[in-house]
Amino acid sequence: MNPLLRSFAAAALALSLLAPAYAAEPAHWVGTWTASPQATWAAEFVLPNNAPDRLRDQTVRQVARISVGGARVRIALSNAYGREPVVIGAARVARSLGGSRIDAGSDRALTFGGRGEVTLLPGAPVLSDPVELSAPALAELAVSLYLPQDTALRSFHWEGGQDAYLARGDRSAQAALDGADTVSSRPYLSGIYVESARPLRTVVAFGDSITDGAASSINRNHRWPDFLAQRLASRDIAVLNAGISGAQVLNDGMGVNALARFERDVLAQRPDSVVLLMGINDIGWPGSSFEPAREAMSAQRLIGGYRQLIARARQAGVRIVGATLTPFEHALPDAPVKRYFNPQKERVRQQVNAWIRDSGEFDAVADFDALLRDPAHPARMQAAFDSGDRLHPGDAGYRAMADSLDEAILFGAH
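Residues numbered from 1 in each chain as written. Predicted model: local features only at pLDDT ≥ 70, side-chain atom pairs only at ≥ 80, totals over all residues. Heavy atoms only, no water.

S.K.: What is the right way to read the overall build of the protein from this model?
M.R.: Per the secondary structure count, the protein includes 10 helices and 26 strands. Its C-alpha atoms give the protein a radius of gyration of 23 Å, within 12% of the compact-globule value 22 Å for 414 residues. Counting only C-alpha atoms and orienting by the principal axes, one finds that the protein spans roughly 85 × 50 × 35 Å. Going through the 414 residues of the protein one by one, you find that 54% of them count as buried. Restricting the contact set of the protein to residue pairs at least 6 apart, pairs at least 24 apart contribute 81%. Counting only carbon and sulfur atoms, one obtains 52% of the accessible surface of the protein, whose full area is about 17000 Å². (Helix = DSSP H or I, 4+ residues; strand = E, 2+ residues; numbered from the N terminus. Rg over C-alpha atoms; globule rule 2.2 N^0.38 Å. Buried < 20%, exposed > 50% of the residue type's maximum accessible area, 1.4 Å probe, protein only. Contact = heavy atoms within 4.5 Å. Areas by Shrake-Rupley, 256 points an atom, 1.4 Å probe, with all protein chains shown as cover.)

S.K.: In this structure, what is going on with the environment of Gln-350? I would like to understand it.
M.R.: Looking at the secondary structure, you find Gln-350 in helix α7 (residues 343-358). Residues Gln-350 and Arg-312, 38 residues apart in the sequence, show an inter-C-alpha distance of 25 Å. A distance of 2.8 Å separates a polar atom in the side chain of Gln-350 from a polar atom in the side chain of Glu-346. (Polar contact = N/O pair within 3.5 Å; in protein donor to acceptor, adjacent residues only side chain to side chain.)

S.K.: Whenever I open this one, unusual backbone geometry confuses me. Can you help?
M.R.: Comment: phi is negative for the bulk of residues other than glycine, and the bulk of peptide bonds are trans. The phi dihedral of Asn-50 is positive, around 55°, even though this residue is not glycine. If you trace the backbone, Asn-50 turns up in the loop between β2 (38-39) and β3 (54-55). Its identity as a non-glycine residue notwithstanding, Arg-390 has a phi of 65°, on the positive side.

S.K.: Looking at this structure, how should I read the packing of helix α4 (residues 258-265) against helix α6 (residues 299-315)?
M.R.: The angle between the axes and the distance between the axes are what describe a pair of packed helices. Between α4 and α6, whose axes approach to 10 Å, the crossing angle comes to 20°. Relative to α6, the element α4 lies roughly parallel. Seen along the crossing, α4 lies across α6 with a hand that is right-handed. Facing Ala-258, Leu-259, Phe-262 and Glu-263 of α4, the residues of α6 in contact are Gly-305, Gln-308, Leu-309, Arg-312 and Ala-313. For the contact of α4 with α6, a count of residues per class yields five nonpolar, two polar and two charged. (Axes fitted to C-alpha atoms, helices over the stretch in contact; angles between N-to-C directions. Parallel < 35°, antiparallel > 145°, perpendicular 65-115°, else oblique. Left-handed = near helix turned anticlockwise from the far one by under 90°. Nonpolar A, V, L, I, M, F, W, Y, C, P; charged D, E, K, R; others polar.)

S.K.: Please explain α7 as it appears in this structure.
M.R.: Helical geometry: 3.6 residues make up each α-helical turn, so side chains three or four residues apart lie on a common side. Helix length check: α7 (16 residues) gives 23 Å between terminal C-alpha atoms against 22 Å at 1.5 Å per residue, within 8%. Looking at α7, one finds that the buried residues are Lys-345, Glu-346, Val-348, Arg-349, Val-352, Asn-353, Trp-355 and Ile-356. Those residues of α7 that are buried lie in contact with α5 (280-284), α6, β23 (319-323), β24 (364-366), α8 (368-372) and β26 (377-381). In the stretch just after α7, Gly-360 is the one whose phi turns positive, near 75°. (Expected span 1.5 Å × (residues − 1).)

S.K.: How do you make sense of the environment of Ser-96 when you look at a structure like this?
M.R.: Inspection of the secondary structure assignment puts Ser-96 in strand β7 (residues 90-98). Under the relative-accessibility criterion, Ser-96 is labelled buried at 15%. For the pair Ser-96 and Gln-62, spaced 34 residues apart in the sequence, the C-alpha separation amounts to 9.5 Å. Side-chain polar atoms of Ser-96 contact the backbone nitrogen of Gly-98, separated by 3.0 Å.

And the structure:
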């Protein structure tokens, strides 16, 4: 045979042998859990970071309850706001047994391009290689990260709602992190994905602390997106929580504004629908301890921000559900934050809610205000739904919010 033809034949044979491996690759990777990255803030900010300023020769183990399940798993890490590279010396994933304990038989070492160590570049995310791991719907997974070098923590998720465990040395493979410290934030972990044999429907909850689950029971998965995921998991519908406490539509706060993070935290997940519940901080922060010098928010400006999000969702083919802003009269009476509420702010909330309900610009409306307000005093949340701070619902309120969202609201009539 001609040597050139022989070379082509050998190449063709090699490709044919590789073809089954490529054909076996998953048809779909589905986001099953997220935590939107935020930048840590300076010590003089009115609220603490609830996280160490630096990590060195430490293992952090984080627990996350997924929504839909799969037989293969990969994780996403983010150094979105870091100014220096972050070295992850080891990363592992396992099924959680509660607290810092893991099912040792399910423990899997994670690799990144085949390597057990990975460097998160400043501003960049990293996705792990897939690992075989049976992860049923609503399973709790533990992700362990070992940081060998002295590292300034600059990218995290503040409102964890779940204890994370911090231990000295590389203990990422240990079945339990006895004696570990606990922190309530989430360093670097930003997503979990599972393999699906077919496309699954996905809902992203895009909001502020009320979506992030502030004031819900710790370690109980009682945020409203958690209750929604619990109800929809049997229908193979993923629910992703893209809430950030302190989030605003138009201004940066405890996270960048909604217009700046919409692609990363929502559209990149290729969802079928997004539930937008955000704006109460745009109204409440100006003039408060958070932003004492910022000018008051008007309904017109906030509605302009909503219209931008609606346009971008429509352009991406994503259904967008507008949620009315919930009552907040005399919010945060015992917090270090002062002057969050006043009557003029309440008038703006009412104007915004009237537009959300009546404009017809959203694909559907979730009227959380009507659901949670006190019928005898509409500016105030019902006591049965209030966590006690007059701003955030408690567990019962979050459950009621999730229960009010049926598939017709989320996906339209079929």
